[in-house]
Amino acid sequence: MSSETSAVNVHGAWSAKRLTLLAMMLALISVSSYIAIPLPFSDAKITAQTMIVNLIGLLIAPQDTILVMASWLLLGLCGVPVFSGGSGPGKLLGPSGGYYIGFLVVAFLISLFCRKWKNVAFQTAFLIVVGIPVIYAFGAGWMKHVTGQPWGAVIVQSIIPFIPLDIVKCVAAVALGKALK
């Protein structure tokens with residue numbers, strides 16, 4: 001079975017290798033939530049999650065990416081402390097909850113794109129030009145919906161402070177992904 005196939009083999013049994021990989025990705029996204037820098041003017045924090053979301057999309061197949069990210073969201077929704085600064089429905093539905101849904105969407109898009117485009121420059125550009133804006137759209141859109149603040153305030157709280165480090169995290173994820181493959 002190639003690394004591009006699903007976690008389920010033709011006989012319907014899960015392979016230990018795939019289960020281990022998926023569990024490791026779930027653990028990585030969970031632990032990355034704790035590597036955080038709080039911002040005094042925002043409900044959102046700078047975290048290592050963006051890099052790990054990108055890495056998950058780079059390393060595993062699209063259906064496995066959905067499985068890992070959906071499992072992570074469900075764990076957090078059930079109260080397991082896998083989100084930055086808390087867990088449970090309140091955290092997922094709070095001002096920074098849009099980022100979590102954006103992470104699922106972006107990891108899937110990255111996985112789809114990077115299956116077709118193996119070039120490191122194309123992958124890096126995709127993460128920066130598509131991945132980051134999609135995460136920001138979900139994060140800012142949800143923050144605007146929940147807080148009712150004007151767009152200017154939402155952009156200052158949910159987008160601008162994250163741009164420089166998110167670009168660095170995208171470059172680092174592609175480099176790490178290439179080394180791990």
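Residues numbered from 1 in each chain as written. Predicted model: local features only at pLDDT ≥ 70, side-chain atom pairs only at ≥ 80, totals over all residues. Heavy atoms only, no water.

Turning our eyes to something else, we now look at the pattern of salt bridges. Inspection of every chain in the model, using the stated rule, returns two salt bridges. Two residues, Arg-18 and Asp-64, come together in a salt bridge whose shortest N-O distance is 2.1 Å. Linking Arg-18 in helix H1 (residues 16-32) with Asp-64 in helix H3 (residues 62-77), this pair joins segments that are 46 residues apart in sequence. By relative accessible area, which is 7% here, Arg-18 ends up buried. Here Lys-169 makes a salt bridge to Asp-166, at a shortest N to O gap of 3.0 Å. (Salt bridge = Lys/Arg side-chain N within 4 Å of Asp/Glu carboxyl O. Helix = DSSP H or I, 4+ residues; strand = E, 2+ residues; numbered from the N terminus. Buried < 20%, exposed > 50% of the residue type's maximum accessible area, 1.4 Å probe, protein only.)

Looking now at the confidence of the model for the protein. Reading fine detail from the predicted coordinates is not recommended where pLDDT is low. Predicted confidence across the protein gives a mean pLDDT of 90, with 93% of residues reaching 70 or more. Note that residues 1-12 has pLDDT below 50 and, in this model, 22 contacts with residues that lie over four places away or in other chains. (pLDDT = per-residue confidence, 0-100. Contact = heavy atoms within 4.5 Å.)

For the rest of this paragraph, the subject is the packing of helix H2 (residues 49-59) against H3. For the pair H2 and H3, interaxial distance at closest approach is 9 Å and the crossing angle is 150 degrees. Relative to H3, the crossing made by H2 is right-handed. Contacts between H2 and H3 involve Gln-49, Val-53, Ile-56 and Gly-57 on the former and, on the latter, Thr-65, Val-68, Met-69 and Trp-72. (Axes fitted to C-alpha atoms, helices over the stretch in contact; angles between N-to-C directions. Left-handed = near helix turned anticlockwise from the far one by under 90°.)

Along an α-helix, a turn takes 3.6 residues, which lines up residues three or four apart on a common side. The terminal C-alpha atoms of helix H8 (residues 163-180), which comprises 18 residues, lie 25 Å apart, in line with the 26 Å expected from a rise of 1.5 Å per residue. Along H8, the positions that sit buried rather than exposed are Asp-166, Lys-169, Cys-170, Ala-173, Val-174 and Gly-177. The buried side chains of H8 occupy one side of the element, clustering within an arc of 135 degrees when seen end-on. Exposed residues lying more than 90 degrees from the buried face of H8 are Pro-164, Lys-178 and Ala-179. Looking at the buried positions of H8, the neighbouring elements they touch are strand E2 (45-47), H2 and helix H6 (120-147). (Expected span 1.5 Å × (residues − 1). Arc of directions from axis to C-beta.)

Moving on to the packing of aromatic side chains. Enumeration over the complete set of coordinates arrives at nine aromatic pairs. Look at Trp-72 and Phe-103: their rings are 6.2 Å apart centre to centre, the planes differ by 40 degrees, and that puts the pair in the tilted class. Of the two residues, Trp-72 sits in helix H3 while Phe-103 sits in helix H5 (residues 97-116), which places them 31 residues apart along the sequence. The burial state of Trp-72 is the same as that of Phe-103; both residues are buried. Put simply, the rings of Trp-72, Phe-83, Tyr-100 and Phe-103 touch in pairs and so form one group of aromatic residues. (Phe/Tyr/Trp six-rings, centres within 6.5 Å; stacked < 30°, edge-to-face > 60°.)

Quick look at H2 now. Burial analysis of H2 places 10 of its 11 residues in the buried class, the great majority of the element. Those residues of H2 that fall on the buried side of the exposure criterion are Gln-49, Thr-50, Ile-52, Val-53, Asn-54, Leu-55, Ile-56, Gly-57, Leu-58 and Leu-59. Where H2 is buried, its residues touch H1, E2, H3, H5, H6 and H8.

This part takes up the nonpolar core. Residues Ile-29, Ile-56, Met-69, Trp-72, Phe-103 and Leu-127 are the most contacted members of the largest nonpolar core, which totals 44 residues. Those elements that provide at least two residues to this core are H1, H2, H3, H5, H6 and H8. The element contributing the most residues to this core is H5, with nine residues. Look past the residues within four positions of Met-69 in its chain and what remains in contact with it is Ile-29, Val-53, Ile-56, Phe-103, Leu-104 and Ala-107. (Core = buried A, V, L, I, M, F, W, Y, C linked by side-chain atoms within 4.5 Å.)

Counted under the stated rule, the structure contains zero disulfides. The closest cysteine sulfur to the non-disulfide-bonded Cys-114 is located on Cys-170, 11 Å from its own sulfur. (Disulfide = S-S within 2.5 Å.)

Positionally, Tyr-34 belongs in the loop between H1 and strand E1 (36-38). Given the relative accessible area of 54%, Tyr-34 is considered exposed. Separated by 49 residues in the primary sequence, Tyr-34 and Phe-83 place their C-alpha atoms 7.8 Å from one another.

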